[in-house]
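Each chain, written out:
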Amino acid sequence: MGQQVDKDRFTEAEFARFGKRLEEQLDQLRELLARPGFGAGPATIGAELELFLVTPEGRPLPRNHEVREAADDERLVPELGRFNLEVNLTPLPIAGRPFTGLVRELQETMAMADAAAATQGGRVVAIGILPSLSEFDFTHEALSDESRYRALSRGMRRLRAEPFRVSIEGAEQLELEVEGVILESANTSWQVHFRTPPGDFARVYNASQLAIGPVLAVSGNSPGFLGRRLWEETRIALFEEAADDRDVERRDRRDRRVAFGSGWVTGAGEIFEACVRDYEPVLPMTWKESQEQEVPELAELRLHQGTVWQWNRPVYDPADGGHLRVEMRSLPAGPTPLDMAANSAFLLGLTAALAVEPVEEFPFSAAYRNFYRAAIHGLDAPLAWPGRPGEIPAARLALDLLPAAAAGLERVGVLPEEAEWTLNIIRERVGRRRTGSVWQREALGDLAGDPAARARMVARYRELALTGAPVHTWPE
């Protein structure tokens, strides 16, 4: 949702005009995707990191606009919650040493954000769900003071008159009800973008849908919420329910607005079409289209697509002659730049390896189960895999898949030594059975229900993250 939204109230006529514009832009997109040479160019990766602002004691600090002003860097933008910021990293060629580049810019931008937060008496922390959050942090005042987020909240409430209900069952159970979308701000992620030619899109997208299961299983960093021990990657369940715009009448008509998907795809166009067909607009902002550009902006279609948060989704970007990207949104923020780079290498390498051959002969239902089992059980998740009989514990499967991921990275031009150091972090993490979620649980022990203990744990987590050492090396 990169476009500027400068109003937060819309009429029904504006919603109708926006819907008409979406249909027109779908036609334009179809023409673009069929144009010879469209989207050609070197493969690149980019990323977005969402951060929490915290006090020195580890509690959330609702000062994102003030921190953004202090930083004065266009890569840093406020997110939905006033205690959230997002860092947009510079796209890099995937050939060579892309993960070294990601780590370097992550260290630079996080240090910049940290220095800016210090001017407001705070710090930043990269963690999937902030353990020190309480029910009292999700008030209307916690919403960022921006037209975009006020309009988003009103647009979602237009579709769903009943409260948003969250029900998550894990080691313990959470039942929660709120009036708006502010619970989305409890989740922060590390989102990876992979530029893909239209002709390769279906193979790459489907491969990413299969690859994410074992990668998510070894990347957990959100083991609970509000003092309850829930999933290994609780963020998956929380985001899906916190942004579920379906009321009672819509419940059986389509997936949630945050979803994994329901089948293998044959191209990017069908995902955009389903997004327009199945999901009503919530931000009906329109712009005047320039007639002088070689490729259309498709601003309304891009805005609408940005309000349907599939865990893997297509992105159309008019920059650089126009191109497509696969945006991989499932990975949690943190714990450190090295951990996030390693997670990215495993995901992109495995995706590239799987994309060599179509994965459609593998049941989509099995890939779907893999994703949610990984989120629930982490390293112990029972996962299915092509060519393997039965189900395999995720930890063992991940170790078995590392050579394939290395071959996939080599296939897209990543230097062997770059693949080696990133994937070795995954190998060591799995071998020691020490993800961010495992560390958090061990650090809290029996005190997960104690707010003061959770805040102390956040402070300790941040202290260790500042060393830069990957999480599998951390002491309790």
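Here is what the cut-offs are and how they apply
- Residues numbered from 1 in each chain as written.
- Predicted model: local features only at pLDDT ≥ 70, side-chain atom pairs only at ≥ 80, totals over all residues.
- Heavy atoms only, no water.
- UniProt positions renumbered as here; feature names shortened; annotations may be inferred.
- 1 Å grid on protein atoms, 1.4 Å probe; cavity = no way out; pocket = protein on both sides within 12 Å on 5 of 7 lines; lining within 4 Å.
- Points joined across faces, edges and corners; volume = space filled by probe spheres on them.
- Nonpolar A, V, L, I, M, F, W, Y, C, P; charged D, E, K, R; others polar.
- Helix = DSSP H or I, 4+ residues; strand = E, 2+ residues; numbered from the N terminus.
- Buried < 20%, exposed > 50% of the residue type's maximum accessible area, 1.4 Å probe, protein only.

Looking at an unreviewed UniProt entry, one finds the chain named Glutamate--cysteine ligase, with Streptosporangium jomthongense as its source organism. Quoted verbatim from the Catalytic activity (unreviewed entry) field of the UniProt record, the comment on the chain reads "L-cysteine + L-glutamate + ATP = gamma-L-glutamyl-L-cysteine + ADP + phosphate + H(+)".

A. Here's a closer look at empty space enclosed by the protein. A full pass over the atoms with the stated rule returns one cavity of 30 Å³ or more. Space inside the largest cavity adds up to approximately 40 Å³. Among the residues making up the lining of the largest cavity, the classes are represented as three nonpolar, five polar and two charged.

B. Focus on the environment of Phe260. Structurally, Phe260 can be placed in the loop between helix 6 (234-242) and helix 7 (268-278). In this structure Phe260 comes out as buried when scored by relative accessible area, which is 1%. Measuring from C-alpha to C-alpha, the distance between Phe260 and Ser330 comes to 9.4 Å, with 70 residues separating the pair along the chain.

C. Main features of the layout of surface pockets. Of the voids in this model, the second largest pocket is the one considered here, and its volume is about 350 Å³. Lining the second largest pocket are 20 residues, with Asp255, Gly261, Ser262, Ala274 and Gln310 positioned closest to its centre. Of all the elements in the fold, those that place two or more residues in the lining of the second largest pocket are helix 5 (198-217) and helix 7. Per element, the largest residue contribution to the lining of the second largest pocket is six residues, and it comes from helix 7. Within the lining of the second largest pocket, the residues separate by chemical class into nine nonpolar, six polar and five charged.

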